[in-house]
Amino acid sequence: MLLILRVFIAIVYCILVCIFGTAYCLFSPRNPRHVATFGHLFGRMSTLFGLKVEIRVPAGVANNGNCIYIANHQNNYDMVTAANIVQPRTVTVGKKSLLWVPFFGPLYWLSGNLLIDRDNRTKAHSTIALVVEQCKKRDISIWMFPEGTRSRGRGLMPFKTGAFHAAITAGVPIIPICVSTTNGKINLNRWNNGQAIVEMMAPIDTSTYGKESVRELAAYCHTLMAAKIAQLDTEVAQYHAARK
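Residues numbered from 1 in each chain as written. Predicted model: local features only at pLDDT ≥ 70, side-chain atom pairs only at ≥ 80, totals over all residues. Heavy atoms only, no water.

Colleague: Just to check I follow, could you spell out the pairing of strand 3 (residues 90–95) for this structure?
Modeller: Moving residue by residue along a regular strand, the side chains alternate between the two faces of the sheet. The buried fraction of strand 3 amounts to five of the six residues, a majority that puts the element mostly inside the structure. Bridge count for strand 3 against strand 5 (residues 141–144) is three bridges, and the pairing is parallel. Residue pairing for strand 5: Thr90 is matched across the bridge by Ser141. The pairing of strand 3 with strand 4 (residues 114–116) spans three bridges and is parallel. When the sheet's bridge partners are listed, Gly94 is paired in strand 4 with Leu115. Taking the sense of rotation as the criterion, the β-α-β connection linking strand 3, helix 4 (residues 104–110) and strand 4 turns out right-handed. (Buried < 20%, exposed > 50% of the residue type's maximum accessible area, 1.4 Å probe, protein only. Helix = DSSP H or I, 4+ residues; strand = E, 2+ residues; numbered from the N terminus. Pairing = 2+ DSSP bridges. Right-handed = clockwise from strand over helix to strand, strands pointing away.)

Written as structure tokens, this is what we have:
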């Protein structure tokens, strides 16, 4: 019963946010500030799901300037965990088919996110060029999931190199975003689903990396993030144990 009630409220809430957001964005379409605004609204559903989300942002984050954010991509609950830490003037990169998702698609595009053809592998280089161009032209930061797909309990998947090529080409730092493991830990029939931690790590300077060392940069970031996620999972486990 609790699951049905939560799903019903979540659907109604999402539709209302999308309708209001689409109308709101029409007054300043494609303004990149909208992404953080509505991302945080979706993030508020964590309370509905009985999940306490702790956000950790380092001091001076407002001075980071343009960058490429990279985050681990687990499941649909990323919308209520990672969405809470999206910074102003940050947009995401999504597949073109998202535009046709009822209610959500128009909001996704009007809020300033980038749409690409992920099914066409021959356009990989043009996608990187688009990210670099938009980062400079619109004075924005880009949020990307380097795993390329949801991990769904398989741990941190291998990274694709697109985000790292873009960061090196644009001459901007990479900032990892790590979310503690949520897969298999949220039961919508359970009132309290405990804690999740979302942590922003320190910027990684890409100026010392060239295109020939992009895989080295990707591997370095993967190692850092895997270690951080393991640390966050330990903290969450201790949090739950202390409350039993």
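After presenting the structure, the write-up continues.
Colleague: Sorry if this is basic, but what is going on with a nonpolar patch on the surface here?
Modeller: A cluster of nonpolar side chains, Leu5, Phe8, Ile9, Val12 and Leu16, forms an exposed patch at the surface whose accessible area comes to about 460 Å². Among the structural elements, Leu5 can be located in helix 1 (residues 2–25). On the basis of relative accessibility, which here comes to 45%, the residue Leu5 falls in the partly exposed class. (Patch = residues over 30% accessible without salt bridge, like charges linked within 9 Å, V, L, I, M, F, W, Y side chains within 5 Å. Areas by Shrake-Rupley, 256 points an atom, 1.4 Å probe, with all protein chains shown as cover. Salt bridge = Lys/Arg side-chain N within 4 Å of Asp/Glu carboxyl O.)

Colleague: How should I be thinking about the packing of helix 1 against helix 2 (residues 33–43) in this particular structure?
Modeller: For any two helices packed against each other, the geometry is given by the interaxial angle and the distance between the axes. Helix 2 packs onto helix 1 with a crossing angle of 165° between their chain directions and a minimal axis gap of 11 Å. For the element pair helix 1 / helix 2, the angle class is roughly antiparallel. Helix 2 is crossed by helix 1, and the crossing has right-handed handedness. For the pair helix 1 and helix 2, contact is made by Tyr13, Cys14, Val17, Cys18, Phe20, Gly21, Tyr24 and Cys25 and by His34, Phe38, Leu41 and Phe42, respectively. Residues that form the contact of helix 1 with helix 2 fall into these classes: ten nonpolar, two polar and no charged. (Axes fitted to C-alpha atoms, helices over the stretch in contact; angles between N-to-C directions. Parallel < 35°, antiparallel > 145°, perpendicular 65-115°, else oblique. Left-handed = near helix turned anticlockwise from the far one by under 90°. Contact = heavy atoms within 4.5 Å. Nonpolar A, V, L, I, M, F, W, Y, C, P; charged D, E, K, R; others polar.)

Colleague: I'm lost on the side chain of Asn113 in this one. Help?
Modeller: With respect to the secondary-structure elements, Asn113 resides in the loop between helix 4 and strand 4. Side chain to side chain, Asn113 and Ser111 meet in a polar contact 3.1 Å long. Here Asn113 is in contact with Arg30, Val35, Val91, Thr92 and Tyr108, once residues within four sequence places are set aside. (Polar contact = N/O pair within 3.5 Å; in protein donor to acceptor, adjacent residues only side chain to side chain.)

Colleague: When you look at the environment of Tyr77 in this model, what are you seeing that I'm missing?
Modeller: For Tyr77, the location among the structural elements is in the loop between strand 2 (68–71) and strand 3. On a C-alpha basis, the gap between Tyr77 and Thr161 in space is 25 Å, while along the polypeptide they are 84 residues apart. Apart from the residues within four sequence positions on either side, Tyr77 is in contact with Phe49, Thr182, Ile186 and Leu188.

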